[in-house]
Amino acid sequence: MFNYSIGQDFFEDFKHSPISRAAIRVKFTLDKKTDFFYFNFDIVGSVETECDRCLELFDLPVEGKYKVIVKYTETQPQTTQEEHDLIFISPHDTHFDIRQLLYEYINLSVPIQRTHPIDKDGNYTCSNDVVNILNRHQQSKTEKKSDPRWDALNKLKK
Ligand SMILES: [Zn+2]
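What you see is a predicted model, and the numbers here were worked out from it, not measured in a lab.

So, on to the overall build of the protein. When helices and strands are counted, the protein shows 4 helices and 5 strands. In the protein, the succession of helices and strands from N to C terminus is β-α-β-β-β-β-α-α-α. Residue burial in the protein is summarised as follows: out of 158 residues, 9% are buried. Intrachain contacts of the protein at a sequence separation of at least 6 include 49% that bridge at least 24 residues.

With 13 residues, the main nonpolar core has Ala22, Ile24, Ile43, Val62 and Ile106 as its most contacted residues. Per element, the largest residue contribution to this core is 4 residues, and it comes from strand β3 (residues 36-50). The contacts of Val62, once residues within four sequence positions are left out, are Ile24, Ile43, Gly45, Ser46, Val47, Ile106, Ser109 and Val110.

Here we come to the sheet that holds strand β2 (residues 22-32). Spatially, β1-β2-β3-β4-β5 is the arrangement adopted by the 5 strands of the open sheet, whose pairing is mixed. With partners counted over all chains shown, the strands left at the sheet margins are β1 (2-6) and β5 (86-89), one partner each. Each adjacent strand pair in this sheet contributes to an overall mean axis angle of 25 degrees, direction not counted. As paired elements, β2 and β3 share 11 bridges and run antiparallel to each other. Bridge pairing in β3 places Val26 opposite Ile43. Helix α2 (residues 99-109) rests against β1, β2, β3 and β4 (57-72) of the sheet, and its axis sits at about 135 degrees to β4.

Alignment of β1 against β2, held across 5 bridges, turns out to be antiparallel. Bridge pairing in β2 links Ile6 to Ile24. Between β2 and β3, which pair antiparallel in sequence order, lie 3 residues.

Of note, Leu55 is a non-glycine position whose phi angle comes to about 65 degrees, a positive value. Position of Leu55 relative to the elements: it lies in the loop between β3 and β4.

Rules of the game
- Residues numbered from 1 in each chain as written.
- Predicted model: local features only at pLDDT ≥ 70, side-chain atom pairs only at ≥ 80, totals over all residues.
- Helix = DSSP H or I, 4+ residues; strand = E, 2+ residues; numbered from the N terminus.
- Buried ≥ 20, exposed ≤ 12 C-beta atoms within 10 Å, placed from the backbone.
- Contact = placed C-beta atoms within 7 Å.
- Core = buried A, V, L, I, M, F, W, Y, C linked by C-beta atoms within 7 Å.
- Pairing = 2+ DSSP bridges.
- Axes fitted to C-alpha atoms, helices over the stretch in contact; angles between N-to-C directions.

This is the structure we're talking about:
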């Protein structure tokens, strides 16, 4: 069994990765059968994502278990949709890079709904205070950014 700790540096290698910051643990096991391997991925951790409700960044829990069959074959057979968890490799391959698989499975583990968790009363745990502070901050910034030409005009008015 292999244990991997996956963080920011892992995702930096994938150009269009929707994930950048993460703290993920992957347990990877390999079962050798007579003419194929079972690759098992057990993914647990969190990825930093923007909340769909309050737009605040938070650590979204991710979890997933994936199994893939890796088979040796001289010629790459045509794969159908149902066989997407089946990978063929050449018997001449001396090693197999599981990073691409890891990347895909971590992305698959990210829930479609990305919001702060719901508490026991059924309310979202978004920190609305932060949203308010952000709004106030934005307001004070626009107030300060007055055009000096208008300042001159305002003085004239007085
Ligand atoms: Zn939120």
